[in-house]
Amino acid sequence: MVRRLLVAVCAVLALGAGTGAPSAAGLAGTTAGGTADAAGPSGRAAGEPAPDGGGPQGRAVSDLHVGRADPEAVHPGGSTTVHAFVTNGGPDRTAAGFTVLVVLPAGTRAEGPFFPESCQVSEDGRRVRCSFPPGLSSLRSATALVPLRVGADTPAPSTLTGGRVVVVGPDDPDTSDNRQPFEVAVVPE
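Here we summarise the structure given alongside this text. (Residues numbered from 1 in each chain as written. Predicted model: local features only at pLDDT ≥ 70, side-chain atom pairs only at ≥ 80, totals over all residues. Heavy atoms only, no water.)

### Quick notes on the overall build of the chain
This is how the line gets drawn: Helix and strand assignments come from DSSP, with helices taken as H or I runs of at least 4 residues and strands as E runs of at least 2, each series counted from the N terminus. Buried, partly exposed and exposed residues are distinguished by accessible area as a fraction of the type maximum, computed with a 1.4 Å probe on protein chains only: under 20%, between the cut-offs, and over 50%, respectively. Whether two residues are in contact is decided by their heavy atoms, any of which lying within 4.5 Å being enough. For the accessible areas, the method is Shrake-Rupley and the probe is 1.4 Å, while residue cover comes only from the protein chains on display.
The helix and strand inventory of the chain stands at two helices and nine strands. Each helix and strand of the chain, placed in order from N terminus to C terminus, yields the pattern α-α-β-β-β-β-β-β-β-β-β. Out of the 189 residues in the chain, the part that is buried amounts to 33%. Partitioning the contacts of the chain with sequence separation of at least 6, the portion at a separation of at least 24 is 69%. Just so you have it, the chain exposes about 10,500 Å², and 57% of that area is on carbon and sulfur atoms.

### Digging into the state of the cysteines
Filter applied, for reference: Criterion for a disulfide: a pair of cysteine sulfur atoms within 2.5 Å.
Inspection of every chain in the model, using the stated rule, returns one disulfide. With a sulfur-sulfur separation of 2.0 Å, Cys119 is cross-linked through a disulfide to Cys130. Across the S-S bond linking Cys119 and Cys130, the dihedral sits near 110°, which makes this disulfide right-handed. Taken together, the residues span a long stretch of sequence, with Cys119 in the loop between strand S4 (108–110) and strand S5 (120–121) and Cys130 in strand S6 (residues 127–132) at a distance of 11 residues.

### Focus on the sheet that holds strand S8 (residues 158–168)
Let me state the cut-off plainly: For two strands to be treated as a pair, DSSP must find no fewer than two bridges joining them.
In space, the five strands of this open sheet follow the order S5-S6-S3-S8-S9, with antiparallel pairing throughout. Every other strand in the sheet has two partners, leaving S5 and strand S9 (179–186) as the edge strands with one partner each. With two bridges connecting them, S5 and S6 associate as antiparallel partners. Considered in S6, the bridge of Gln120 is made with Arg129.

### Describing the sheet that holds S4
Threshold: Between N-to-C directions, angles span 0 to 180 degrees; the directions come from axes that are lines fitted to C-alpha atoms, helices contributing only their stretch in contact.
If you walk across this open sheet you meet the four strands as S1-S2-S7-S4, and the pairing is antiparallel. Of all the strands in the sheet, the pair left with one neighbour each is strand S1 (64–67) and S4. On average, adjacent strands in this sheet sit at an angle of 35° to one another, irrespective of strand direction. As paired elements, strand S2 (residues 79–88) and strand S7 (residues 141–150) share nine bridges and run antiparallel to each other. Bridge pairing links His83 to Leu145 in S7.

### With respect to the environment of Leu148
For Leu148, the location among the structural elements is in strand S7. Residue class for Leu148 comes out buried when judged on its relative accessible area of 0%. Separated by 77 residues in the primary sequence, Leu148 and Pro71 have C-alpha atoms spaced 9.6 Å apart. Leu148 has contacts with Gly78, Ser79, Thr80, Val82, Leu104, Thr108, Arg109, Ala110, Glu111 and Val184, leaving out every residue within four places of it along the chain.

### Re the environment of Val166
With respect to the helices, strands and loops of the structure, Val166 is situated in strand S8. For the pair Val166 and Gln180, spaced 14 residues apart in sequence, the C-alpha separation works out to 6.7 Å. Apart from residues no more than four positions distant in its own chain, Val166 is found in contact with Val66, Thr99, Val100, Leu101, Asn178 and Arg179.

### Observations concerning the nonpolar core
Soluble, globular proteins show a tendency: their nonpolar side chains are buried together. Definition in use: Among buried residues, those of type Ala, Val, Leu, Ile, Met, Phe, Trp, Tyr and Cys that are joined through side-chain atoms within 4.5 Å constitute a nonpolar core.
Ranked by internal contacts, the top residues of the largest apolar core, which has 28 residues, are Val82, Phe98, Val100, Val102 and Val165. Of all the secondary-structure elements, those providing two or more residues to this core are S1, S2, strand S3 (98–103), S6, S7, S8 and S9. With five residues, S7 is the single largest residue contributor to this core. Excluding residues within four positions of it along the chain, Val100 makes contact with Ala84, Val86, Val128, Arg129, Cys130, Phe132, Ala144, Val165, Val166 and Val167.

As structure tokens, then:
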């Protein structure tokens, strides 16, 4: 009896602290020993993600993945743009920021302006790191735009390989789809 009273008092205190009211399912499963059944204090089944920004144990879970998008063909000495396209497969919005890294093929060099403006270029001009803020909703996308210039002495026709786009985010437990290669087609003028 005393333990049930303590559970009820804790629920009222949580409500007063602004954490939300526990559901009837969460309180109904509480036993005299103080443990709950499969439904936790939120009323969700154990391990079920929160509706927005909270997976199991309140952690956000998002599935960021990179779509393949080869840039448009370019002439020797010309420029084209890599569209580094990232989608959040959910179930939650990103609670933390994430980084998109674009690695350019040999024979090319990054040349701004970039989007977002916060993108930073490595000294050799072949790596561009772009930071995105938290809050990318489930089933929404973000794109980094990275212009590149092909060397004037590049043979045409040819295909420059070795480019890749990588996304890294702390909310993403599945990294199997976090990188995609891309190629740059060089065509004669």
